[in-house]
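The primary structure of each chain is shown beneath.
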Amino acid sequence: AKESNEKSNMDSVNIEDHSLINLHSILISLFSNAIKKAYPTLEDIGQPAVSAGSKFADYQCNASMQICKLLKAKGENVSPNAVAKKVVECLGQCDIIEKVDVSGPGFINVWLSRNKLREILQYVLENKLKPKPLTNPQRVIIDFSSPNVAKEMHVGHLRSTIIGDSLSRVFEFIGHDVLRLNHIGDWGTQFGMLIALLQDKFPDYKTVSPPINDLQEFYKQSKVLFDSDPEFKKRAYDCVVKLQSMSPDHVQAWKLICDVSREEFQKIYKRLNINIIERGESFYQSRMENVVKELENKGFLENDDGRKIMWSPESSIPLTIVKSDGGFTYDTSDMAALKQRIEEEKADRIIYVTDSGQSVHFETLKKCAIHCGILDPSKVLMDFVGFGVVLGEDKKKFKTRSGDTVRLVGLLDEGVKRARDKLVEKGRDKVLTDEELELAETAVAYGCIKYADLCHNRSHDYIFSFDKMLEDKGNTAVYLLYALTRIRSIINNLGTHTQDLNEPISLDHEKEWKLAKTLLRFSEVLSKITEDFCLHHLCEYLYDVATTFNEFYDNCYCIEKNSQTGEIEKVYTGRILLCKITAEYMNTGLTLLGINTVSRM
Ligand code: ARG
């Protein structure tokens with residue numbers, strides 16, 4: 001009777017409300033409350049250190065030493081062990097915890113409740129990993145990819161595309177309202193040159209499609225003329241002015257040029273399954289005019305040798321808002337875009353994904369926007385997500401042998417070819433249907449390229465190597481894709497033995513328990529990503545899940561077969577359920593990385 005009485009006193013974690021239970025953050029808040037209760041006079045110690053998975057416990061809280069030091073400073077001498085005991089006494093009850101104890105030097109060990117974890121996993125099994133819609137979803141704008149018209153989309157844009165897409169997927173999955181924006185460079189002086197050349201060379205461009213498939217070549221030609229022929233230069237400037245005032249002919253020519261680029265970009269997005277809305281710099285033309293007026297009227301612009309610049313007290317360099325020829329710049333369009341996103345799009349958070357080389361630009365933009373009142377940082381978050389350079393295997397900037405930028409379409413083609421060669425090398429072409437082989441080779445190729453990018457800390461440079469990324473051992477997409485197909489085939493090979501899956505999920509074996517705890521770190525990993533925008537946490541998690549699953553599978557029979565006939569004799573249902581749940585977590589995780597999974601490969 002006493003026991004049931006105690007149970008009803010426990011705080012229960014309501015699974016209906018939390019399909020994504022974050023055990024780590026629950027423990028942090030329990031300990032944080034306990035510390036406040038035990039030492040009410042102590043100043044806030046911040047988040048107590050709680051870590052997962054030691055040999056001695058499921059979770060451990062190591063805050064005692066820190067508390068001791070703070071107490072000592074107040075003249076109180078207590079041992080860490082005594083502190084830990086007092087904190088444990090004040091710990092509210094919670095049904096995810098089975099037991100708590102204190103080890104020698106004041107570590108607080110926590111053992112989780114198997115029943116509770118089983119209940120959570122059962123919920124995932126029945127409902128899949130679909131978080132409940134948030135009561136307060138944020139409007140999150142993610143500005144990524146953003147290549148430039150008439151210039152080649154390069155590996156830097158590929159990184160932005162891959163990281164931005166995956167971040168968008170994570171925020172969408174959690175339940176935020178995400179707007180994915182492609183801030184392409186489709187405006188500015190260079191379009192004057194391009195239009196002038198188009199008018200010269202293909203005066204009937206409106207009725208006949210001009211051969212400008214190689215826009216880069218076209219761009220080079222116009223640049224040569226611009227620099228050598230004053231007459232052309234004058235006309236190019238003229239074209240910019242006409243374009244900016246929306247003269248129909250010029251707009252038509254400009255559209256044509258953008259279309260050619262767009263077609264190229266689209267090929268990449270289609271193959272990599274990227275969803276993004278194009279809203280280039282041109283979209284902001286009238287808004288730039290307005291923002292310049294606003295800044296001018298409010299006295300934020302300063303004349304600098306004919307340019308109009310803008311400072312903030314905190315920034316080391318100014319923004320150039322108007323050039324001496326009256327034209328607008330990258331800074332102007334970003335300021336106008338920021339204002340539009342806050343005022344018209346009602347953004348709660350704006351995230352920019354570009355190479356780290358642009359960090360100063362965005363820092364300056366942020367400081368100036370705060371300074372002039374366009375951005376109120378207490379209402380709208382503005383985050384810069386930078387990333388390192390892509391290097392070739394020679395550790396130099398990734399280029400072709402002749403020193404040109406690597407064409408992305410060609411890169412993807414090579415990936416697919418190499419993935420196919422690998423599969424054929426393994427004899428998979430003899431086992432899979434043509435259709436399966438094709439699905440497998442693209443899943444492997446694009447999966448590898450994305451994973452190789454995402455599994456490194458984004459701020460580091462990384463070496464692009466097909467050989468490395470196509471390895472089937474170690475932390476690669478191939479390894480994970482194989483692990484998942486293997487789990488799926490365990491489940492699929494049950495045939496008629498699957499009728500009764502009503503047994504409880506098996507968590508008694510040490511390896512089963514380890515797998516369950518590993519799986520349940522998912523939510524913790526996602527919330528970390530929303531804080532530091534580092535997707536390698538998710539890659540590491542998935543790799544951890546795959547290796548922990550292998551340990552489980554090597555140690556725990558899921559199926560027993562007759563050694564002579566190969567017939568299934570016994571099915572350990574509780575373990576098969578664990579396989580299914582693992583597949584669900586892995587599939588969801590890979591999907592968030594933008595990686596397509598396959599059932600056979
Ligand atoms: N077009 C730029 C580039 O290629 C990236 C744009 C990033 N987004 C932005 N709002 N500035 O470097």
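It should be noted that the structure appears before, not after, this text.
The rules behind each value
- Residues numbered from 1 in each chain as written.
- Predicted model: local features only at pLDDT ≥ 70, side-chain atom pairs only at ≥ 80, totals over all residues.
- Heavy atoms only, no water.
- Axes fitted to C-alpha atoms, helices over the stretch in contact; angles between N-to-C directions.
- Helix = DSSP H or I, 4+ residues; strand = E, 2+ residues; numbered from the N terminus.
- Parallel < 35°, antiparallel > 145°, perpendicular 65-115°, else oblique.
- Left-handed = near helix turned anticlockwise from the far one by under 90°.
- Contact = heavy atoms within 4.5 Å.
- Nonpolar A, V, L, I, M, F, W, Y, C, P; charged D, E, K, R; others polar.
- Near = heavy atom within 4 Å.
- Polar contact = N/O pair within 3.5 Å; in protein donor to acceptor, adjacent residues only side chain to side chain.
- Areas by Shrake-Rupley, 256 points an atom, 1.4 Å probe, with all protein chains shown as cover.
- Expected span 1.5 Å × (residues − 1).
- Buried < 20%, exposed > 50% of the residue type's maximum accessible area, 1.4 Å probe, protein only.
- Arc of directions from axis to C-beta.

Peer 1: How would you explain the packing of helix H18 (residues 510–519) against helix H21 (residues 573–592) if you had to name every residue and give the values?
Peer 2: For the pair H18 and H21, interaxial distance at closest approach is 11 Å and the crossing angle is 25 degrees. With respect to H21, the axis of H18 lies roughly parallel. In this structure, the crossing between H18 and H21 has a hand that is left-handed. Taking contact as the criterion, the partners of Glu 512, Leu 515 and Leu 519 in H18 are, on H21, Arg 575, Leu 578, Ile 581, Thr 582 and Tyr 585. Class assignment of the residues belonging to the contact of H18 with H21 gives a composition of five nonpolar, one polar and two charged.

Peer 1: Any chance you could break down the site of the ligand for me, citing the residues and the numbers?
Peer 2: Near the ligand the following residues occur: Asp 143, Ser 146, Asn 148, His 157, His 183, Tyr 330, Asp 334, Tyr 352, Thr 354, Gln 358 and Phe 362. One of the side-chain nitrogen or oxygen atoms of His 157 is found 2.8 Å away from an oxygen atom of the ligand. Gln 358 is positioned with one of its side-chain polar atoms (N or O) 2.8 Å from an oxygen atom of the ligand. Protein contacts shield 90% of the accessible area of the ligand, which totals 350 Å² for the unbound molecule. At the level of secondary structure, the elements contributing two or more residues to the shell around the ligand comprise helix H12 (330–343) and strand S11 (349–355).

Peer 1: Please provide a residue-by-residue account of helix H13 (residues 359–371), values included.
Peer 2: Note that an α-helix has 3.6 residues per turn; residues three or four places apart therefore point the same way. A rise of 1.5 Å per residue sets the reference length of H13, with its 13 residues, at 18 Å; its end C-alpha atoms lie 18 Å apart and thus fit the reference within 8%. When we look at burial in H13, the residues that qualify are His 361, Phe 362, Thr 364, Leu 365, Cys 368 and Ala 369. Within H13, the buried residues cover an arc of 160 degrees as seen down the axis, which keeps them to one side. The first or second residue beyond H13 is Gly 373, which carries a positive phi of 90 degrees.

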